[in-house]
Amino acid sequence: MFWVLFLLLAWAGVLMACVRLLRATTEAAGSVESFVVEHRLSLYEAAYLAGGPDRVAVVTLLSMERGRRLLLAHTGWATVVDPVGRDPHERALLEAFGPQGQSPIRELRTAAAGHEAVRVLADRLGAAGLTVPDGVRGDLAEGLRAVRRATWLVLAMAAASLAAAPSERGTAVTVLWWFSLPLLLTLSCQAVARFEGHRHSPWASPSGRRLLLELQREDGTPDPLTAVAVHGVRAVTDPGLRAALA
């Protein structure tokens, strides 16, 4: 029965991880006030709420490409056609180009996503109660990572138990049955987190999600840029552009 000690260790790790994730989820639900906001989201605001800073950079790239002010090649390089930015996000993107007016799209996305213009946008949305605070989002991510680590702990303890348990067939089945319970708990937590992650943006608060839904309902046939802002690169219909952004 020495393997029972491994089982107890596995349960301890699983319960600590699940409690951590539950606490982070509870704090996330209580940390964001639900404001009654009557506001139509701008393209950049929708992009940030749906996909964060990188989504804002993608929408900026596509907006400038659509206006023939940038060329996006399927090879992953961008070329400046018109060096005049019409808003802070376009100016931030243009600042990231090299002296020859060309740059890899991946580097442009990273630079534009980390620019002060995006931080100002995030602060404005946060002040309106439309975003989840960074600390809360970080706690949720760390809680999910803890559950994943607990899954590997269960598997490791199960392997150790099988090695330490007597070699009778019935004992091995008993060990696997008992370890299947904590494993099922961790897998269920991860499945629920993945399902919720697909349903809701990790960046938008409940009020922000409501505005995103209203934006989608208002646009029966959504503008291509609005579709990208809400759904990401997968909404790009041009295969060449999709390859460039990938």
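So, a few notes on the structure that sits alongside this text. (Residues numbered from 1 in each chain as written. Predicted model: local features only at pLDDT ≥ 70, side-chain atom pairs only at ≥ 80, totals over all residues. Heavy atoms only, no water.)

**Thoughts on unusual backbone geometry**
The backbone of Arg68 sits at a positive phi, close to 60°, despite the residue not being glycine. With respect to the element layout, Arg68 can be found in the loop between α2 (43-66) and β1 (70-72). (Helix = DSSP H or I, 4+ residues; strand = E, 2+ residues; numbered from the N terminus.)

**Topic: the packing of α2 against helix α3 (residues 88-95)**
Relative to each other, α2 and α3 sit at 60°, their axes nearing to 10 Å. One element, α2, and the other, α3, form an angle in the oblique class. Note on packing geometry: the crossing formed by α2 with α3 is right-handed. Packed against α2, whose contacting residues are Tyr44, Val56, Thr60, Leu61, Ser63 and Met64, the element α3 presents His89, Glu90, Leu93 and Leu94 at the interface. Residue classes in the contact of α2 with α3 are distributed as 6 nonpolar, 3 polar and 1 charged. (Axes fitted to C-alpha atoms, helices over the stretch in contact; angles between N-to-C directions. Parallel < 35°, antiparallel > 145°, perpendicular 65-115°, else oblique. Left-handed = near helix turned anticlockwise from the far one by under 90°. Contact = heavy atoms within 4.5 Å. Nonpolar A, V, L, I, M, F, W, Y, C, P; charged D, E, K, R; others polar.)

**Some thoughts on a nonpolar patch on the surface**
A surface patch of nonpolar side chains, amounting to about 330 Å² of accessible area, comprises Phe2, Leu5 and Leu8. Inspection of the secondary structure assignment puts Leu5 in helix α1 (residues 3-31). (Patch = residues over 30% accessible without salt bridge, like charges linked within 9 Å, V, L, I, M, F, W, Y side chains within 5 Å. Areas by Shrake-Rupley, 256 points an atom, 1.4 Å probe, with all protein chains shown as cover. Salt bridge = Lys/Arg side-chain N within 4 Å of Asp/Glu carboxyl O.)

**Things to note about helix α4 (residues 105-113)**
Those residues of α4 lying buried are Ile105, Leu108, Arg109, Ala112 and Ala113. Seen from one end, α4 has its buried residues packed into an arc of 120°, which puts them on one side. In α4, those exposed residues whose orientation departs by more than 90 degrees from the buried face are Arg106, Glu107 and Thr110. (Buried < 20%, exposed > 50% of the residue type's maximum accessible area, 1.4 Å probe, protein only. Arc of directions from axis to C-beta.)

**Quick word on the packing of aromatic side chains**
Throughout the structure, instances matching the rule amount to 2 aromatic pairs. Measuring from ring centre to ring centre gives 5.6 Å for Tyr48 and Trp203, while their planes differ by 65°; the resulting arrangement is edge-to-face. One end of the pair, Tyr48, is in helix α2; the other, Trp203, is in the loop between α7 (169-199) and α8 (206-218), with 155 residues separating them in the sequence. Measuring from ring centre to ring centre gives 5.2 Å for Trp177 and Trp178, while their planes differ by 90°; the resulting arrangement is edge-to-face. On the accessibility criterion, Trp178 (38% relative accessible area) is partly exposed. (Phe/Tyr/Trp six-rings, centres within 6.5 Å; stacked < 30°, edge-to-face > 60°.)

**Notes on the nonpolar core**
Of all hydrophobic cores here, the largest spans 40 residues; its most connected members are Leu61, Leu62, Leu72 and Leu93. At the level of elements, α2, β1, α3, α4, α5 (116-127), α8, α9 (224-231) and α10 (239-245) are the ones that each hand at least two residues to this core. For this core, the element with the highest residue contribution is α2, accounting for 13 residues. What Leu61 contacts, discounting residues up to four positions off in sequence, is Leu70, Leu72, Leu93, Ile105, Leu108, Arg109 and Leu245. Among the nonpolar cores identified, the runner-up in size contains 18 residues, and Phe6, Ala17, Ala146 and Met157 belong to it. (Core = buried A, V, L, I, M, F, W, Y, C linked by side-chain atoms within 4.5 Å.)

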